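Chains, contacts and geometry: an overview
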Amino acid sequence: MPVSDYTKSKQTGQRPPADILKLNHWLESYAPDIHAEIADYYTALVDEKGIAPRRLLDDGLHPNARGFELMAPVAAAAIERALK
């Protein structure tokens, strides 16, 4: 998931967006090898600056209710794909 620097708890220093993208790409390439589905929360939560909007992560790291509302259909779709 993307993190945010919109709050006073800056998160990108410890979790650089470029590293998050690298990890996500690795997970996407590895998942087929182990027959796993991916729930791509990153794409659902990232903004045009490559970080999560403040309205979705109150502390810059953990999703709030609005963030979970965007994540729920992503999780449901991944579960549906996994059950097929």
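So, a few notes on the structure that sits alongside this text. Bear in mind the structure is a predicted one, so any value in this text is a computation, not a measurement. (Residues numbered from 1 in each chain as written. Predicted model: local features only at pLDDT ≥ 70, side-chain atom pairs only at ≥ 80, totals over all residues. Heavy atoms only, no water.)

Let's talk about the environment of His35
Topologically, His35 is positioned in the loop between α1 (17-30) and α2 (41-45). When the C-alpha positions of His35 and Ala82 are compared, they lie 8.7 Å apart, and in sequence the two are 47 residues distant. (Helix = DSSP H or I, 4+ residues; strand = E, 2+ residues; numbered from the N terminus.)

Side note on the nonpolar core
In this structure, Leu45, Ala52, Leu56, Leu57 and Met71 together form the largest nonpolar core, which totals 5 residues. The residues touching Leu45, leaving out its near neighbours within four places in the chain, are Met1, Pro2, Ile51, Ala52, Pro53, Leu56, Gly67, Leu70 and Met71. (Core = buried A, V, L, I, M, F, W, Y, C linked by side-chain atoms within 4.5 Å. Buried < 20%, exposed > 50% of the residue type's maximum accessible area, 1.4 Å probe, protein only. Contact = heavy atoms within 4.5 Å.)

A word on helix α3 (residues 65-83)
Across its 19 residues, α3 extends 26 Å between first and last C-alpha, which sits within 8% of the 27 Å expected from 1.5 Å per residue. Of all the bends in α3, the greatest, near 30°, is centred on Met71, and the proline Pro73 appears no more than four residues after it. Looking at the buried side of α3, the elements it contacts are α2. (Expected span 1.5 Å × (residues − 1). Bend = angle between axes of the 7 residues up to and from the residue.)

Regarding a nonpolar patch on the surface
Residues Leu23, Trp26, Leu27, Tyr30, Ile34 and Ile38 make up a contiguous nonpolar surface patch of roughly 540 Å² in combined accessible area. Secondary-structure assignment places Ile34 in the loop between α1 and α2. (Patch = residues over 30% accessible without salt bridge, like charges linked within 9 Å, V, L, I, M, F, W, Y side chains within 5 Å. Areas by Shrake-Rupley, 256 points an atom, 1.4 Å probe, with all protein chains shown as cover. Salt bridge = Lys/Arg side-chain N within 4 Å of Asp/Glu carboxyl O.)

Digging into the side chain of Ser4
Checked against the element boundaries, Ser4 lands in the segment before α1. Overall, the relative accessible area of 0% leaves Ser4 in the buried class. In terms of polar contacts, Ser4 uses its side chain to reach the backbone amide nitrogen of Tyr6, at 3.0 Å. For Ser4, the contacting residues outside a window of four places in its chain are Ser9, Lys10, Gln11, Ile51, Ala52, Leu57 and Gly60. (Polar contact = N/O pair within 3.5 Å; in protein donor to acceptor, adjacent residues only side chain to side chain.)

Observations regarding the environment of Gly50
Structurally, Gly50 is set in the loop between α2 and α3. Residues Gly50 and Leu21 lie 29 residues apart in sequence; the distance between their C-alpha atoms is 9.6 Å. Those residues in contact with Gly50 that sit more than four places away from it in its chain are Pro17 and Tyr42.

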